[in-house]
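Examination of the molecular architecture
Spelled out from the first residue to the last, the chains are:
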Amino acid sequence: MLTAAENERITRVGPGTPMGNVMRRYWQPAALSHELPERDGAPIRVRLLGEDLIAFRDTEGRVGLVSAFCPHRRAPMFFGRNEECGLRCVYHGWKFDVTGACVDMPSEPPDSLFKTKVSIEAYPTWEGGGVVWAYLGPKDLQPAPPDYEWVRAPATHRFVSKTLEHANWLQALEGGLDTAHSSFLHNEKLGDKTLLRSKDGHPRIEVEKNAYGYRYASTRNLGDEGTYVRVYQYVLPSQQMRGSVTAPSGGRNKVPNFAGHLWIPIDDVTTFVYNTILSYDENAPITEEFAWEEEARFGRGKNDMLPGFKLKQNMANDYLIDRQRQKTQTFTGINGVNTQDMAVQEGMGPICDRTREHLGTSDGAVIATRQLLLEACDVVESGGMPRGVDPATYRNIRPFDCPLPPGADWHTALEPELTAKW
Amino acid sequence: MLTAAENERITRVGPGTPMGNVMRRYWQPAALSHELPERDGAPIRVRLLGEDLIAFRDTEGRVGLVSAFCPHRRAPMFFGRNEECGLRCVYHGWKFDVTGACVDMPSEPPDSLFKTKVSIEAYPTWEGGGVVWAYLGPKDLQPAPPDYEWVRAPATHRFVSKTLEHANWLQALEGGLDTAHSSFLHNEKLGDKTLLRSKDGHPRIEVEKNAYGYRYASTRNLGDEGTYVRVYQYVLPSQQMRGSVTAPSGGRNKVPNFAGHLWIPIDDVTTFVYNTILSYDENAPITEEFAWEEEARFGRGKNDMLPGFKLKQNMANDYLIDRQRQKTQTFTGINGVNTQDMAVQEGMGPICDRTREHLGTSDGAVIATRQLLLEACDVVESGGMPRGVDPATYRNIRPFDCPLPPGADWHTALEPELTAKW
Amino acid sequence: MLTAAENERITRVGPGTPMGNVMRRYWQPAALSHELPERDGAPIRVRLLGEDLIAFRDTEGRVGLVSAFCPHRRAPMFFGRNEECGLRCVYHGWKFDVTGACVDMPSEPPDSLFKTKVSIEAYPTWEGGGVVWAYLGPKDLQPAPPDYEWVRAPATHRFVSKTLEHANWLQALEGGLDTAHSSFLHNEKLGDKTLLRSKDGHPRIEVEKNAYGYRYASTRNLGDEGTYVRVYQYVLPSQQMRGSVTAPSGGRNKVPNFAGHLWIPIDDVTTFVYNTILSYDENAPITEEFAWEEEARFGRGKNDMLPGFKLKQNMANDYLIDRQRQKTQTFTGINGVNTQDMAVQEGMGPICDRTREHLGTSDGAVIATRQLLLEACDVVESGGMPRGVDPATYRNIRPFDCPLPPGADWHTALEPELTAKW
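Rules behind the numbers
Residues numbered from 1 in each chain as written. Chains lettered and ligands numbered in written order. Predicted model: local features only at pLDDT ≥ 70, side-chain atom pairs only at ≥ 80, totals over all residues. Heavy atoms only, no water. Helix = DSSP H or I, 4+ residues; strand = E, 2+ residues; numbered from the N terminus. Rg over C-alpha atoms; globule rule 2.2 N^0.38 Å. Buried < 20%, exposed > 50% of the residue type's maximum accessible area, 1.4 Å probe, protein only. Contact = heavy atoms within 4.5 Å. Areas by Shrake-Rupley, 256 points an atom, 1.4 Å probe, with all protein chains shown as cover. Buried area = accessible area lost by both parts, 1.4 Å probe. Salt bridge = Lys/Arg side-chain N within 4 Å of Asp/Glu carboxyl O. Polar contact = N/O pair within 3.5 Å; in protein donor to acceptor, adjacent residues only side chain to side chain. Nonpolar A, V, L, I, M, F, W, Y, C, P; charged D, E, K, R; others polar. Axes fitted to C-alpha atoms, helices over the stretch in contact; angles between N-to-C directions. Parallel < 35°, antiparallel > 145°, perpendicular 65-115°, else oblique. Left-handed = near helix turned anticlockwise from the far one by under 90°. Pairing = 2+ DSSP bridges. 1 Å grid on protein atoms, 1.4 Å probe; cavity = no way out; pocket = protein on both sides within 12 Å on 5 of 7 lines; lining within 4 Å. Points joined across faces, edges and corners; volume = space filled by probe spheres on them. Phe/Tyr/Trp six-rings, centres within 6.5 Å; stacked < 30°, edge-to-face > 60°. Least-squares fit on C-alpha atoms with pLDDT ≥ 70 in both. Lys, Arg positive; Asp, Glu negative; His and termini not counted.

When helices and strands are counted, chain A shows ten helices and 20 strands. Rg of the C-alpha trace for chain A: 23 Å, near the compact-globule value of 22 Å for 422 residues, within the 12% margin. Taken over the C-alpha atoms alone, chain A extends approximately 85 × 45 × 40 Å along its principal axes. A total of 422 residues make up chain A; the buried ones form 61% of that total. Long-range pairs, those at least 24 residues apart, make up 59% of the contacts in chain A between residues at least 6 apart in sequence. Roughly 15700 Å² of accessible area belongs to chain A as shown, and the carbon and sulfur atoms make up 53% of that amount.

This paragraph deals with the interface of chain A and chain C. Counting residues at the interface gives 31 residues for chain A and 36 residues for chain C. Around 2800 Å² of area is buried between chain A and chain C when both sides are counted, 55% of it from carbon and sulfur atoms. For the pair chain A and chain C, the interface holds four salt bridges. The salt bridge involving Arg45 of chain A is made with Asp318 of chain C; its shortest N-O contact spans 2.8 Å. At the surface where chain A touches chain C, the tally comes to 18 residue pairs in polar contact (both at pLDDT 80 or more). A breakdown of the residues in the side of chain A that touches chain C according to their chemical character gives 17 nonpolar, six polar and eight charged.

As a further point, take the packing of helix α5 (residues 169-177) of chain B against helix α9 (residues 364-381) of chain B. Residues and elements named next belong to chain B. The N-to-C vectors of α5 and α9 enclose an angle of 135°; their axes lie 9 Å apart at closest approach. Compared by their axis directions, α5 and α9 come out oblique. At the point where α5 passes α9, the crossing takes the right-handed sense. Touching Trp169, Leu170, Leu173, Glu174 and Leu177 of α5 are Ala365, Val366, Thr369, Arg370 and Leu373, all from α9. Residue composition of the contact of α5 with α9, by class: seven nonpolar, one polar and two charged.

Below, the discussion takes up the sheet that holds strand β10 (residues 131-135) of chain C. Think of a sheet as strands paired side by side through backbone hydrogen bonds, with each pair either parallel or antiparallel. Residue and element names in this part refer to chain C. Taken in spatial order, the three strands make up an open sheet running β1-β10-β9, and their pairing is antiparallel. The sheet is open, and its two borders are formed by β1 (27-32) and β9 (125-128), each paired with just one other strand. On average, adjacent strands in this sheet sit at an angle of 35° to one another, irrespective of strand direction. Bridging between β1 and β10 involves five bridges; their strand directions are antiparallel. Each bridged residue has a counterpart across the sheet, and for Leu32 the counterpart in β10 is Val131.

Let's shift gears to empty space enclosed by the protein. Residues and elements named next belong to chain A. With the rule as written, the count across this model stands at nine cavities of 30 Å³ or more. Estimated volume of the largest cavity: approximately 70 Å³. If you trace the largest cavity, you find 13 residues lining it, with Trp27, Gln28, Tyr148, Pro237 and Leu262 closest to the centre. Ranked by residue count, the leading element in the lining of the largest cavity is strand β1 (residues 27-32), at three residues. Per-class residue counts for the lining of the largest cavity are ten nonpolar, three polar and no charged.

Residue and element names in this part refer to chain C. The buried fraction of strand β3 (residues 51-57) amounts to six of the seven residues, a majority that puts the element mostly inside the structure. As paired strands, strand β2 (residues 44-48) and β3 are joined by five bridges and run antiparallel to one another. By the bridge assignment, Leu48 is partnered in β3 with Glu51. If you look at the hairpin formed by β2 and β3, you'll find two residues sitting between the two strands, and Leu49 has a positive phi there, around 55°. Note: β3 against strand β4 (residues 63-67), five bridges, orientation antiparallel. Residue pairing for β4: Leu53 is matched across the bridge by Ser67. Linkage of β3 to β4, two consecutive antiparallel strands, is achieved through a turn of five residues, within which Gly61 is found at a positive phi near 95°.

What follows concerns the pairing of strand β16 (residues 258-267) of chain B. Residue and element names in this part refer to chain B. Taking burial as the measure, the ten residues of β16 include ten buried ones, the bulk of the element. In the sheet, strand β15 (residues 239-243) pairs with β16 via five bridges, with the strands oriented antiparallel. If you follow Arg242 over to β16, its bridge partner there is Ala259. Sheet topology places β16 next to strand β17 (residues 270-278); nine bridges connect them, and they run antiparallel. Bridge pairing links Pro265 to Thr271 in β17. Where β16 folds back onto β17 in an antiparallel hairpin, the turn is made up of two residues.

Within this structure, the stated rule accounts for 48 aromatic pairs over all chains. Between Tyr319 of chain A and Phe79 of chain B, the aromatic rings sit 5.6 Å apart at their centres with planes inclined by 65°, giving edge-to-face as the arrangement. Taken together, the residues Tyr319 of chain A in the loop between β19 (310-311) and α7 (323-328) and Phe79 of chain B in the loop between β4 (63-67) and β5 (81-82) connect one chain to another. Here Tyr319 of chain A and Phe79 of chain B have matching classes, each one buried.

Its rotation angle being 120°, the transformation that places chain B on chain C also includes 0.0 Å of axial translation and leaves an RMSD of 0.1 Å. Taken together, these values place the two copies in the relation of a three-fold axis. Proximity to the rotation axis, assessed at the C-alpha, singles out Ala316 of chain B in chain B; its C-alpha lies 11 Å from the axis.

In this section: the pattern of salt bridges. Inspection of every chain in the model, using the stated rule, returns 87 salt bridges over all chains. Between Glu174 of chain A and Arg370 of chain A there is a salt bridge; the shortest N-O distance is 2.8 Å. Linking Glu174 of chain A in helix α5 (residues 169-177) with Arg370 of chain A in helix α9 (residues 364-381), this pair joins segments that are 196 residues apart in sequence. Here Glu174 of chain A matches Arg370 of chain A in class, with each residue buried. A salt bridge links Arg356 of chain B to Glu121 of chain C, with the nearest nitrogen and oxygen atoms 3.3 Å apart. With one member in each of two chains, Arg356 of chain B in the loop between α8 (337-347) and α9 and Glu121 of chain C in the loop between α3 (114-117) and β9 form a pair that bridges those chains. Overall, the relative accessible area of 39% leaves Arg356 of chain B in the partly exposed class. Glu121 of chain C gets classed as partly exposed once you look at its relative accessible area, which sits at 40%. The network of salt bridges with shared partners includes Arg81, Glu83, Arg88 and Asp104 of chain A.

It is worth spelling out the side chain of Asp40 of chain B at this point. Position of Asp40 of chain B among the secondary structure elements: in the loop between β1 (27-32) and β2 (44-48). Those residues within four positions of Asp40 of chain B in sequence are excluded, and the remaining contacts are Lys327 of chain A together with Arg57, Asp58, Thr59, Asn82, Glu83, Glu84 and Cys85 of chain B.

Let us now look at the sheet that holds strand β7 (residues 95-96) of chain A. Residue and element names in this part refer to chain A. In space, the four strands of this open sheet follow the order β5-β6-β7-β8, with antiparallel pairing throughout. Here the strands that pair on one side only, and so sit at the sheet edges, are β5 (81-82) and β8 (102-104). Across two bridges, the pairing between strand β6 (residues 87-88) and β7 is antiparallel. Bridging from a neighbouring strand, Arg88 pairs with Lys95 of β7.

Another aspect to go through is the side chain of Lys95 of chain B. All names here are of chain B. Here Lys95 shows up in strand β7 (residues 95-96). Within the buried core, Lys95 has no salt-bridge partner, and the shortest N-O distance to an opposite charge, that of Glu83, equals 4.6 Å. Not counting chain neighbours up to four residues away, the residues in contact with Lys95 comprise Glu83, Glu84, Cys85, Gly86, Leu87, Arg88, Ala101, Cys102, Val103 and Asp104.

Of the residues lining the interface, 36 residues belong to chain B; the matching set on chain C comes to 31 residues. Across the chain B to chain C interface the summed buried area is about 2800 Å²; carbon plus sulfur atoms make up 55%. The interface formed by chain B and chain C includes four salt bridges. Our enumeration of links across chain B and chain C arrives at 18 residue pairs in polar contact (both at pLDDT 80 or more). Every element with two or more residues in the side of chain B that touches chain C is listed here: α5, α7 (323-328), α8 and α9 of chain B. Grouping the amino acids of the side of chain B that touches chain C by side-chain chemistry returns 14 nonpolar, twelve polar and ten charged.

This is the structure we're talking about:
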């Protein structure tokens with residue numbers, strides 16, 4: 001439970017807000033690389049942290065990310081011409097390169113110096129992991145580019161997708177860091193007690209804060225068989241990484257060992273969820289077939305989507321809940337693991353009212369997340385660098401998820417598994 | 001004409017507003033009983049007086065009406081599982097009974113006492129007259145349940161339906177208490193002077209305030225034939241009852257002797273109209289066939305509706321007004337008696353600007369309504385009980401509508417007809 | 001570039017705002033005459049300067065323009081009955097004539113004097129040029145009716161249409177007074193240097209303020225061939241007139257010599273664009289065929305429209321921009337000259353943020369427009385009459401557009417062409 005002021009403080013991300021200032025200290029996903037497939041291709045709209053921007057891939061392959069409005073007369077750059085290393089406004093032909101410099105101003109006399117005095121707002125970008133990252137913060141505080149293991153890994157062993165969510169980013173992040181709900185919300189087989197995480201509905205939560213955020217273990221008691229441990233990583237400001245050992249029908253080789261999300265604020269009430277899969281096994285690349293099989297399981301398969309990264313199952317149709325199925329087969333009657341998440345997160349309203357919550361012992365990770373975000377606001381306000389900005393802090397981490405024999409302590413037992421190999 | 005402050009005072013109904021406090025002193029229709037047809041069936045959304053709620057019928061047949069949001073982490077209870085005398089949140093499995101008590105909290109350790117400290121906001125409900133009633137006010141001031149004649153009467157002699165209206169409840173109520181407009185708005189046969197209420201366009205209005213609100217007679221002069229008297233009942237806060245003597249083609253036996261409405265605020269700008277029909281004749285039950293014939297006449301027949309109690313003829317399509325028909329056949333060119341009402345009421349805007357009205361002598365009932373509502377605000381603010389809360393005040397009333405011979409006084413002539421028999 | 005306060009001052013037009021007061025000193029187009037084709041026909045909705053009104057053509061052919069709400073109980077006059085020289089409210093039958101006087105009040109007793117004390121808000125109207133004009137300002141300051149040349153000219157030589165735009169009127173007006181963009185935005189043949197206005201992308205701008213607003217010449221250097229001069233007229237508050245010499249395939253006789261627009265605020269964020277064509281040649285009337293050919297060229301041909309004067313190519317579908325065509329054939333890849341304007345104007349957002357502009361030497365006309373509008377706000381506030389209210393100031397003007405030989409001065413060379421003949 002937060003005060004109304006605290007809730008405002010950690011949810012709103014527009015320019016000049018406390019959390020907006022925090023968010024602007026990190027590289028943020030602005031688009032999937034394949035949204036800008038070709039050089040000099042069509043520019044795309046990007047709305048990020050409440051700012052309206054346009055992204056374009058120039059003749060050299062670099063990605064420009066500029067204001068959605070021409071600095072001349074505020075014409076929309078979306079309709080701009082992407083040509084010869086610059087985006088040209090269609091209104092009066094002013095042209096800007098990826099740095100924002102005005103490189104042509106044909107509506108002014110040839111000898112005019114006006115061109116040198118005008119530029120378009122532009123943010124630095126960096127590509128990696130199939131993602132175009134942007135840095136929207138103060139120039140002098142720009143950190144080294146993202147170095148998460150999944151970004152570093154070869155493209156053959158990674159898959160990234162994206163989904164639109166109509167809710168504030170924080171309630172989505174909190175859902176992603178809350179392990180307890182998986183025993184309920186994601187119970188796909190009512191009455192089946194063979195699923196490890198269904199065997200104990202109130203896992204023990206250990207949260208260990210560190211330089212990038214925290215890692216936490218949820219331990220479920222399996223009785224004689226020992227425990228089932230899931231070690232999640234939370235990297236500030238809004239990334240979750242979790243292990244995955246569930247083997248699909250195709251067998252062990254197809255198994256990814258990592259799945260995660262980044263919840264990127266489009267604005268205060270809309271979020272892009274970036275979904276990541278990473279194989280830990282050098283000999284097991286992630287095939288297209290397998291990736292889309294997984295995507296379908298999570299509710300965003302090829303047949304599940306509308307244009308604009310929207311789900312066909314959405315708020316307007318109650319996620320196509322099937323009440324009969326809910327009664328007899330699955331806990332929710334809603335298809336798709338992450339669609340189930342979407343249903344509860346969007347259902348909280350645009351910004352969850354955290355003044356009316358009642359948190360229990362299983363909410364430790366959620367509580368820790370809020371503490372870290374409030375701390376980050378304070379740190380940034382007092383001129384410091386928040387956790388997880390420096391890639392050195394998170395470069396070597398990975399999450400893991402497995403059963404352990406009775407008596408084993410996960411810290412020591414899983415130490416090698418929790419270290420990045422890529 | 002009201003001041004802007006008065007208009008705010010008697011139109012807005014959210015928690016903590018003056019009229020909201022008045023409304024919360026009465027049992028209010030929350031749903032039709034048949035919206036919750038079966039025990040342990042799907043829960044439904046209820047928005048009432050600006051509050052978002054979920055209704056469910058439990059294993060014992062009782063109706064629960066709880067907050068739309070789980071008290072744990074504000075997940076939407078709409079997707080909840082309705083099982084074994086309780087509604088279980090799909091997020092972490094917390095389960096609440098119809099009283100709001102938390103009866104299971106599986107995400108916490110079995111020995112936790114947290115369950116006893118948390119409950120979901122729940123309102124008392126009561127079923128009668130085919131309606132689920134809810135009381136949203138202070139616990140210690142809860143009145144006896146509704147005892148209107150139509151609620152008490154056998155189901156065979158009653159019919160209740162419901163329609164969505166996009167306007168503040170008060171302008172709808174005022175339309176329902178204004179008899180003068182029926183000579184114009186509802187004139188279905190231009191130039192026909194045989195219709196009683198068309199014979200005199202400026203009826204004499206007598207309003208008699210009493211313990212439940214008022215009754216009022218509108219008297220139209222029929223010349224040598226005497227008068228045509230309609231006695232309406234207004235029961236606070238928003239119920240109208242009127243007599244009905246028009247015989248449909250099927251003959252006298254099919255005639256209901258009562259029709260009425262309750263205008264229930266969904267919020268400040270949206271209203272559910274509950275429509276009631278009651279037969280006064282023990283030997284003339286209301287058949288399904290007759291009920292739907294009447295509904296069609298009023299504009300909400302089986303072919304007139306969209307899901308969600310919406311009319312196909314609505315604001316977005318100008319109620320399918322037929323200008324040629326308006327010129328030659330009916331006063332409005334709009335089909336459906338209550339659709340005509342809807343057109344003028346919704347057309348006033350979300351909340352009618354009563355600062356710019358000019359009321360005449362035929363607006364006596366409207367003026368009296370506002371006086372009573374302003375009075376009710378004062379009474380509730382000073383700790384008193386407003387009119388019409390106590391069922392004893394209205395238990396024995398009914399409306400009536402008939403021609404009277406010259407010289408007859410309706411008070412004495414209609415005294416028996418104005419007394420409830422059921 | 002304006003301050004935020006200046007931008008508010010000259011863009012907002014609701015009742016009581018500075019620019020709203022300016023706008024209310026002029027006759028404004030309220031509808032096309034053919035929107036009210038017949039006497040006693042269906043009334044139409046008119047929203048003008050943020051006010052909701054209803055227009056109707058009465059039995060005598062006069063156009064009434066009255067409040068959208070009946071003064072009695074605020075019922076919507078749109079559903080009113082247009083009969084025998086008056087519009088009758090369907091709620092209680094009150095009837096008003098085109099002056100706003102209440103001419104029948106059947107819900108009150110026949111001897112009531114109430115009728116003489118109530119009227120509906122009504123604005124004077126005047127028809128001319130195929131347009132219904134309305135005056136929404138102070139009664140005692142009502143100017144003589146519009147006397148633009150195109151209004152005066154015979155209907156055979158004139159064509160007027162109308163288009164809905166989702167943007168503040170001022171950014172649309174500014175687009176219409178900005179000649180520089182035509183070399184870019186409206187370049188329909190990439191690489192073609194034969195088009196006069198493409199030969200010089202940075203025209204010299206001369207703005208000459210006068211009693212109705214300004215006229216301005218943009219002069220493009222054609223080298224040995226001399227210059228290409230376009231003289232635009234700006235008549236306050238929001239009318240542009242420009243010459244046109246481009247001959248369509250059909251030959252010289254079909255050429256209009258005038259085209260213009262009026263940008264009429266529906267409210268602060270929505271605008272009706274009235275489009276005018278006028279033939280200067282007595283022997284060359286504007287045929288229906290030619291007019292619609294022109295309309296199609298501008299993007300509002302018969303196949304381009306949706307009901308309500310909306311374009312099929314609109315914001316919601318990115319004006320059906322064709323990126324391939326943009327790369328290889330036209331500057332924008334958007335069809336329709338004025339649809340291109342619409343794309344940049346609507347793309348600026350509902351009200352352009354002029355605090356973040358960077359104006360150059362080619363923006364002289366835009367700068368002068370703002371100066372005149374700010375001046376007009378001051379003049380009206382201090383009780384004076386703004387430019388262009390008195391028809392004498394603009395009665396004799398017309399725009400022109402043509403090449404001139406080397407050395408010629410447009411002031412003297414074009415003097416006869418810039419004088420109205422109709």
